[in-house]
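Here is how the chains run, residue by residue.
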Amino acid sequence: MIFGNGCWLQKEGCGCHSPQEVYFETITDTSVRLVLPTNRINHKGDTLGGINLTMIITSPAPEVLRVQTYHHMGALKKSPEFELEQKEELPLTVTTNEDILTIQSGTLTLEINKKYWSMTYKRNGEVITKSAAKDLACMKMDWKGNCYDKGDIVDTYMRQQLSMGVGELIYGLGERFTAFAKNGQSVQIWNEDGGTSTYQSYKNIPFYISNKGYGVFVNHPEKVEFEVATEQVTKTAFSVEGGYLDYYLFNGPTMKEVLSRYTDLTGKPSLPAPWTFGLWLSTSFTTSYDEETVMSFVNGMLDRDIPLRTFHFDCCWMRDFHWTDFVWDSKIFPDPEGMLKRIKDKGLNICVWINPYIAQESILFEEGMANGYLVKRTNGDVWQWDMWQPGMALVDFTNPAACEWFQKKLEGLLDIGVDCFKTDFGERIPVEDICYFDGSDPKKMHNFYTHLYNKCVYEILQKNDISAPQVVDNITLWADNHTDPGVQPSGEVVMYRNGKFETIKTSSSTESSYAVLCSNGVIVTQVSNVVTTQQSDKSGAKFTIYANGRSEEITVSEYQYPSVPQIAYVDGKLMITVYDDEQTKTIIKEVGKR
């Protein structure tokens, strides 16, 4: 959000209330609290009235500093909040004198000028970014004086501006379709269904990273507005509505280390199941299709020896005007369970499209309305509109009972062979005249809604021990067999399943290279690859199949390619697809039934 009018002026009616000095400081082992008048205090009479800001500085982890700035601290705390891996605050190294206050976490230091307000972040004494006069401020957009101020609930924003150096580039802020470096862009962290070629975004994240080796996470799920070298071409600014601003600054010094520290706080993504990295085929925007159409798509790929791995049913597998009810359109899919089995018999996984909107004609609408599972207006009516599906409502994922209800409907699809879900939509979430089950703030819920929606779907897949790419996979795999020169592999496969590590011994080999977890839980490890070049005439590759506590070794003499293959194990057959610059080849080997 742009508040200024050029270099020297604010927009008409805008009051910029920025710290002038540090008046009080309270230092403990783990925190520093500062009282920051926005008017210079020359004598005691200057303390009568005026806007003060209160700042609290802590460190949740080494090389990370958190800065919380308040105008009025009496405001009720509103939910939801980001689910952070927030542990106890770490001890700070603090030094202070009449002029300068320094706060250190690892090699990261925040230096504050107490007499003439400024904040300077340093790494080993070298400046990485800073903010000075008027950068950190409480902005009042209809300012007429203290006596006429209506409080922080209207026309009030908190802003911080951090300096950028020559050649500095800013990246991040979620999935965006604009230029990769965000310099020169105004970015709103506000989920919208705007397609993939505009400034709008489906996945907004209030985090950016600099090529100078630091990152900033603004800890607000509601709308955050960034001005990256726009209002001030040498600064990145971020602002939120209200009288409170909370952000973390992560030191590197490398960008990789910044991301590691950031995800230590916000959570690490799980590794999707290996089969999800294979080729997917979707009905996409085909609006009229049946089983014959679907099978023609699948067979067309297989007939051409294209190694298809997953088939996805996008829109239109449900009945018209019934999205979402999770019921297959019987006119075009009279035997959905049989159809899914026929697709799976070809070695494919299956994904279906869903969304959290419940159309008025859906069999779920009356059930959801009667049990309080749908988002309501403040007068108690179910919230509905006619965009996308006529009379559609929203599942209220702040209601645990609504989540269980939604999950049971998904279980019915899992029971007949569906493996995962495309969790579409969830962006057009209203903010006016809205009441959530748990009292969540509608403005904060606009972006947060998709998190709760995806979490709900993830949990049912996790419960059913099914991996999915749109939600977090609960089975990951490491092969402790390295290909770096001089490193001796241990011959172990370590599987992580449902929170427990399992180690399986394999044949130790200096040429072992990788392991693959198939969708049906079978582990395939290449334990001895004697092929070194495409022209090799040696004996091929040896594979070990682990399943149900048994193992079997087979040799694939046809495997004469140096590239890493795609592997699947289906109905007693090991399917190896290998590639080179000229051809793709699928090798099928019969393996004893497990």
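Before reading on, note that the structure itself is shown above.
### Some details on the overall build of the protein chain
Here is step 1 of the chain: Along the backbone of the protein chain there are six helices and 39 strands.
Here is step 2 of the chain: At a minimum sequence separation of 6, the contacts of the protein chain that also span at least 24 residues come to 59%.
Here is step 3 of the chain: Working note: accessible area of the protein chain is about 28100 Å², and carbon and sulfur atoms make up 51% of it.

### Side note on the sheet that holds strand 22 (residues 279-282)
Sheet strands pair via backbone hydrogen bonds, and the direction of the pair is either parallel or antiparallel.
Here is step 1 of the chain: Pairing is parallel in the open sheet, where four strands are placed in the order 22-23-24-28. Strand pairing shows two members of the sheet lacking a second neighbour, strand 22 and strand 28 (420-423), which therefore form its edges. When the angles between neighbouring strand axes are averaged without regard to direction, this sheet yields 30°.
Here is step 2 of the chain: By the bridge criterion, four bridges tie strand 24 (residues 349-354) to strand 28 in an arrangement that is parallel. Paired with Trp-353 across the two strands is Lys-422, which belongs to strand 28.
Here is step 3 of the chain: The strands touched by helix 2 (residues 291-303) within the sheet are strand 22 and strand 23 (308-313), with strand 23 carrying the most contacts at an inclination of about 165°.
Here is step 4 of the chain: Sheet strands in contact with helix 6 (residues 442-463) are strand 24 and strand 28, and its direction is about 180° off that of strand 28.

### What about the sheet that holds strand 14 (residues 156-163)?
Here is step 1 of the chain: Strand order in this open sheet of six strands is 3-13-14-20-19-16, and the pairing throughout is antiparallel. Two strands bound the open sheet, and with one partner strand each, they are strand 3 (15-17) and strand 16 (185-189). Each strand axis lies, on average, 20° off the axis of its neighbour in the sheet, ignoring direction.
Here is step 2 of the chain: Bridge analysis of strand 3 against strand 13 (residues 137-140) gives three bridges, and the strand direction is antiparallel. The residue of strand 13 that forms the bridge with Cys-16 is Met-139.

### Structural notes on the layout of surface pockets
Here is step 1 of the chain: The calculated volume of the second largest pocket comes to roughly 1300 Å³.
Here is step 2 of the chain: Taken together, 38 residues make up the lining of the second largest pocket; nearest its centre are Lys-78, Glu-222, Glu-241, Tyr-244 and Lys-444.
Here is step 3 of the chain: Where the lining of the second largest pocket is concerned, the elements lending two or more residues are strand 7 (64-70), strand 19 (224-228), strand 20 (235-241), strand 21 (244-251) and helix 6.
Here is step 4 of the chain: When the residues that make up the lining of the second largest pocket are grouped by side-chain class, the tally is 16 nonpolar, nine polar and 13 charged.

### Quick look at the pattern of salt bridges
Here is step 1 of the chain: The full count for this structure, using the stated rule, is 26 salt bridges.
Here is step 2 of the chain: Among the charged side chains, a salt-bridge network with shared partners connects Glu-98, Asp-99 and Lys-115.

### Details of helix 4 (residues 363-371)
Here is step 1 of the chain: Buried within helix 4 are the following residues: Leu-364, Phe-365 and Gly-368. Projected down its long axis, helix 4 shows its buried positions confined to an angular sector of 105°, all on one face. In helix 4, the exposed positions angled more than 90 degrees off the buried face are occupied by Ile-363, Glu-366 and Ala-370.
Here is step 2 of the chain: Buried-residue contacts for helix 4 involve strand 25 (357-358), strand 27 (393-394) and helix 5 (400-415).
Here is step 3 of the chain: A distance of 3.0 Å separates the backbone nitrogen of Leu-364 from a side-chain oxygen at the start of helix 4, and that oxygen is part of Ser-362.
Here is step 4 of the chain: Residue Gly-372 follows helix 4 closely and has a positive phi angle near 75°.

Cut-offs applied
- Residues numbered from 1 in each chain as written.
- Predicted model: local features only at pLDDT ≥ 70, side-chain atom pairs only at ≥ 80, totals over all residues.
- Heavy atoms only, no water.
- Helix = DSSP H or I, 4+ residues; strand = E, 2+ residues; numbered from the N terminus.
- Contact = heavy atoms within 4.5 Å.
- Areas by Shrake-Rupley, 256 points an atom, 1.4 Å probe, with all protein chains shown as cover.
- Pairing = 2+ DSSP bridges.
- Axes fitted to C-alpha atoms, helices over the stretch in contact; angles between N-to-C directions.
- 1 Å grid on protein atoms, 1.4 Å probe; cavity = no way out; pocket = protein on both sides within 12 Å on 5 of 7 lines; lining within 4 Å.
- Points joined across faces, edges and corners; volume = space filled by probe spheres on them.
- Nonpolar A, V, L, I, M, F, W, Y, C, P; charged D, E, K, R; others polar.
- Salt bridge = Lys/Arg side-chain N within 4 Å of Asp/Glu carboxyl O.
- Buried < 20%, exposed > 50% of the residue type's maximum accessible area, 1.4 Å probe, protein only.
- Arc of directions from axis to C-beta.
- Polar contact = N/O pair within 3.5 Å; in protein donor to acceptor, adjacent residues only side chain to side chain.

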